[in-house]
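# Remarks on the overall topology
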Number of protein chains: 2
Amino acid sequence: MEGTTLGWMQDEVDHFGFNTDKTFKQRYLIADKHWKKDGGSILFYTGNEGDITWFCNNTGFMWDMAEELKAMLVFAEHRYYGESLPFGANSFKDSTHLNFLTSEQALADFAKLIKHLKRTVPGAKNQPVIALGGSYGGMLAAWFRMKYPHMVVGALASSAPIWQFEDLVPCGVFMEIVTADFRKSGPNCSESIRRSWDAIRRLTSTGPGLHWLSEALRLCSPLTNSQDVEHLKDWITETWVNLAMVDYPYESNFLQPLPAWPIKVVCQYLKNPNVSDPQLLENIFQALNVYYNYSGQVKCLNMSETATRSLGSLGWSYQACTEMVMPFCTNGIDDMFEPHSWNLKEFSDDCFKQWGVRPRPSWITTMYGGKNISSHTNIIFSNGDLDPWSGGGVTENVTDTLVAITIPEGAHHLDLRANNAFDPTSVLLARSLEVRYMKQWIKNFYASLRKKH
Amino acid sequence: MEGTTLGWMQDEVDHFGFNTDKTFKQRYLIADKHWKKDGGSILFYTGNEGDITWFCNNTGFMWDMAEELKAMLVFAEHRYYGESLPFGANSFKDSTHLNFLTSEQALADFAKLIKHLKRTVPGAKNQPVIALGGSYGGMLAAWFRMKYPHMVVGALASSAPIWQFEDLVPCGVFMEIVTADFRKSGPNCSESIRRSWDAIRRLTSTGPGLHWLSEALRLCSPLTNSQDVEHLKDWITETWVNLAMVDYPYESNFLQPLPAWPIKVVCQYLKNPNVSDPQLLENIFQALNVYYNYSGQVKCLNMSETATRSLGSLGWSYQACTEMVMPFCTNGIDDMFEPHSWNLKEFSDDCFKQWGVRPRPSWITTMYGGKNISSHTNIIFSNGDLDPWSGGGVTENVTDTLVAITIPEGAHHLDLRANNAFDPTSVLLARSLEVRYMKQWIKNFYASLRKKH
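What this report covers is the structure whose coordinates are included nearby. (Residues numbered from 1 in each chain as written. Chains lettered and ligands numbered in written order. Predicted model: local features only at pLDDT ≥ 70, side-chain atom pairs only at ≥ 80, totals over all residues. Heavy atoms only, no water.)

This brings us to the overall build of chain A. Along the backbone of chain A there are 14 helices and ten strands. By principal-axis analysis of the C-alpha atoms, chain A measures approximately 80 × 50 × 40 Å. The buried share among the 453 residues of chain A stands at 61%. Sequence-distant contacts, at least 24 apart, represent 71% of the contacts inside chain A between residues at least 6 apart. A total of about 17800 Å² of accessible surface is found on chain A, and carbon and sulfur atoms cover 51% of it. Charge centroids of chain A, computed over 41 positive and 48 negative side chains, lie 7 Å from each other. (Helix = DSSP H or I, 4+ residues; strand = E, 2+ residues; numbered from the N terminus. Buried < 20%, exposed > 50% of the residue type's maximum accessible area, 1.4 Å probe, protein only. Contact = heavy atoms within 4.5 Å. Areas by Shrake-Rupley, 256 points an atom, 1.4 Å probe, with all protein chains shown as cover. Lys, Arg positive; Asp, Glu negative; His and termini not counted. Charge placed at Lys NZ, Arg CZ, Asp CG, Glu CD.)

Note on sheets: strands pair through backbone hydrogen bonds, and any given pair is parallel or antiparallel. Residues and elements named next belong to chain B. As summarised here, the arrangement of the eight strands in space is β1-β2-β4-β3-β5-β6-β9-β10, forming an open sheet in which the pairing is mixed. Looking at which strands have only one partner, the edges of the open sheet turn out to be β1 (5–12) and β10 (402–407). Recorded for the sheet is a direction-independent mean angle of 20° between the axes of neighbouring strands. Strand direction decides the pairing type here: strand β6 (residues 154–158) and strand β9 (residues 379–384), joined by four bridges, are parallel. Paired with Ala 155 across the strands is Ile 379, a residue of β9. Along the sheet, helix α3 (residues 103–120) makes contact with β1, β2 (23–31), β3 (41–46), β4 (71–76) and β5 (129–134), crossing β1 at roughly 120°. The strands touched by helix α14 (residues 425–452) within the sheet are β3, β5, β6, β9 and β10, with β10 carrying the most contacts at an inclination of about 160°. (Pairing = 2+ DSSP bridges. Axes fitted to C-alpha atoms, helices over the stretch in contact; angles between N-to-C directions.)

We now examine unusual backbone geometry. Residue and element names in this part refer to chain B. Non-glycine residue Ser 135 carries a positive phi angle of around 65°. Note that Ser 135 resides in the loop between β5 and α4 (136–147). If you check the backbone angles, Asn 378 has positive phi at about 55° while not being a glycine. As for its position among the elements, Asn 378 is in the loop between α13 (363–368) and β9. What makes Asn 378 buried here is its relative accessible area of 17%.

Another aspect to go through is the packing of aromatic side chains. Counted under the stated rule, the structure contains 53 aromatic pairs over all chains. For the pair A:Tyr291 and A:Tyr292, a centre-to-centre distance of 4.8 Å together with 90° between the ring planes defines the contact as edge-to-face. Across this residue pair, the class does not change: A:Tyr291 and A:Tyr292 are buried. When the centroid spacing of 5.8 Å and the interplanar angle of 85° are considered together, the rings of B:Tyr318 and B:Trp355 count as edge-to-face. Of this pair, B:Tyr318 sits in helix α11 (residues 313–320) while B:Trp355 sits in helix α12 (residues 344–355), placing them 37 residues apart in sequence. Like B:Trp355, B:Tyr318 is buried. Taken together, the aromatic side chains of A:Tyr45, A:Trp54, A:Phe55, A:Trp63, A:Phe75 and A:Phe254 make up a single cluster linked through ring pairs. For the cation-ring pair, A:Lys371 lies above A:Trp163, with the distance from its terminal atom to the ring centre recorded as 4.6 Å. (Phe/Tyr/Trp six-rings, centres within 6.5 Å; stacked < 30°, edge-to-face > 60°. Lys NZ or Arg CZ within 6 Å of the ring centre and 35° of its normal.)

Going through the model one piece at a time under the given rule, you end up with eight disulfides over all chains. Through a disulfide, A:Cys189 is tied to A:Cys267; the S-S separation comes to 2.0 Å. On the S-S bond that ties A:Cys189 to A:Cys267, the torsion sits near -80°, and the link is left-handed. One end of the pair, A:Cys189, is in helix α6 (residues 189–203); the other, A:Cys267, is in helix α9 (residues 262–267), with 78 residues separating them in the sequence. Judged by its relative accessible area of 1%, A:Cys189 falls in the buried class. Disulfide partner of B:Cys321: B:Cys351, at an S-S distance of 2.0 Å. On the S-S bond that ties B:Cys321 to B:Cys351, the torsion sits near -80°, and the link is left-handed. Of this pair, B:Cys321 sits in the loop between α11 and α12 while B:Cys351 sits in helix α12; the two residues are 30 residues apart in sequence, bridging distant segments of the chain. Side by side, B:Cys321 and B:Cys351 carry an identical accessibility label, which is buried. Here the bonded cysteines of chain A are numbered in sequence order, and their pairing is 1-7, 2-4, 3-5, 6-8. (Disulfide = S-S within 2.5 Å.)

The values reported here are purely geometric and, on their own, carry no functional implication.
Written out as structure tokens, the structure reads:
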């Protein structure tokens, strides 16, 4: 974004052990155009699993409220993502190098960065800091307020599924929301998708069928065996999930360039579930094409990518295999997917194969409290009802100061995006409420500062 | 103590990294004689740098209030102390093996243990847990409530110097309190000690003087060089410090077997500072003898020991060299010691020589908030005015629920000790106030539990 300056902070690779004193360079961005040293504030984006410039460019809300809050904007990059690589090109080499990729280390990085800024930026010392983040970054914002309340006066945790762990919510809720989005976006839409899996199975049971389907879906690499078919189904599944996340009311480019209300566009191709298998898959192709080829420039569909490269899928895969163990399941009845139960043993074995580590599924709730968070204060949990992640989010007030804001027409952290003429009223209301809370935190901060002096 | 049962929990060596899934056995003690499943509570001692049976035997307050609070008592041993050794006999071998000795790992152990007990002890699940600890264990109790408020409804942090870091309090305050204890305990007492350092210097400037002093102090190993003399002065200094810590109003055996008000007894030998150097050092011997030979059975004084072996001095030395960096200094004017400024560079070099690690002096305040702790709740900070550690403690209320209790006649965590006929009124008042807060926390816990159901 315009007027951003780049910063680097030297930080410990391991905050929680002293055997190594190796450091790395953490990247951050600062925009201080509207910042006022007198009565201002610092809005601190707790970076998540991706390049920080990308989050910076997709968090327009912070830019939109900067003037009103006289705020300095800070975007802190999460270690092991973007250019904040503790071991450079070797960072993902093996479990030894990945050992310092945890939420706790990331929160400690943020704490050190805030201390660093308060020490080095004249005028920042006695200003209130507010943590903001979306998705995993929203979890980090909430957890940062919980664990380092001396660093931030409050947090806006947008679309943060802090309860998508262990059995805090049913494992099926995520895919049920995805399904509901498609069900609501066009007649027979979710039913067409539900029937597509069997159609794929039937079509791919023969060699010519495999060939035909590869052509029909314009796949860059043709399907050659049953493993490819499993991969195809996973890829299509992830596509529907991603569409549910970015079902924004206007043309946008978050995970992919997309039209307004993309699921509605997709569903125009999926009106009739009662067609032949080849016809159904032709329709599925048209639907996928909306997501992968809105520009019309794409020559073939590439199953190895589902979203922007700005997301660090490698790092996230490791995190999901260690701390961030989120149980998901489907039953094919309450959702439009093939039934898959949550199998921790299988998941753990896969993790061990890929990364040489085993997940600790109950660690996050031990560390961050699970549903028992009522002693914390000043956290806004916002969720869009269209967003599948809202199923693991906080959607009802926990206390007077741990508040939930729901946005019926909102997908994944719509409230963090820039103001738009096509924004539904619900997100405008959400943002204005969020600003009101933040102003109150800032006001309280200055009031208690005055009391001290 | 009677009626204690021993438990072991298998715990992760590294909670904050996934490269190793090595576990170790953590020891804990449970006493449930007075525990009631209906309306009871769990008092959880957050073990500090020593054998947990020793803390169990020196925390009589928990035993004294067990019946009134219908409480199960749990004493959790701190990793790397007592028998909770992550790498057995190799635990202190080098900085690789010591890498997991941090307060953060210890707090995570406590969290896991509470989860374990709630899962495995029938009736424990829906009971309020209160953290209690003294000294470093008191810091851990306070920090545990700060970082894991979902685990404990409150904490009693007795004699916990959570502010003895960086420049939060003046580095001289600790030794000033030690000095004040001696000044108040007998005429010319602190002045005699102040003059003893020069006397030692003069006496040990010759070979015969070294020999004479070794005899006069009944040292087990005679002094042979100037390094020994430095060691002697450090050892004597630590003796005065320890006496200040355990200046209890009755005969006791915490760091050593001692008479009631031991500093008063010591000061009987130190009434006259205007004597010859040999006479002054004879008097110092008598004073030291009170601390090291109250039993009268000791044949010679051993400079390599200053306190009970139940304390893990090796582990603590490593912790002081990493996280627990406490600046101390003396000026010889406001205190009775030789002037020593706080020299971080020198300290760091010594640490590197001894352990191959360097201290991170500002980490603890980054992690635990320094003086900015007002957003936390339900912590009692109790301090005795005689205790040198009170200088780095919280001795004034921070908020309505972060309260300070001071005990004018109290030494180091006197309130945690068993009820005694010679207890001064101030500690009786402190304990009754502490019980009142704890009962309130328990009551609030059950009230909010009822509201949920």
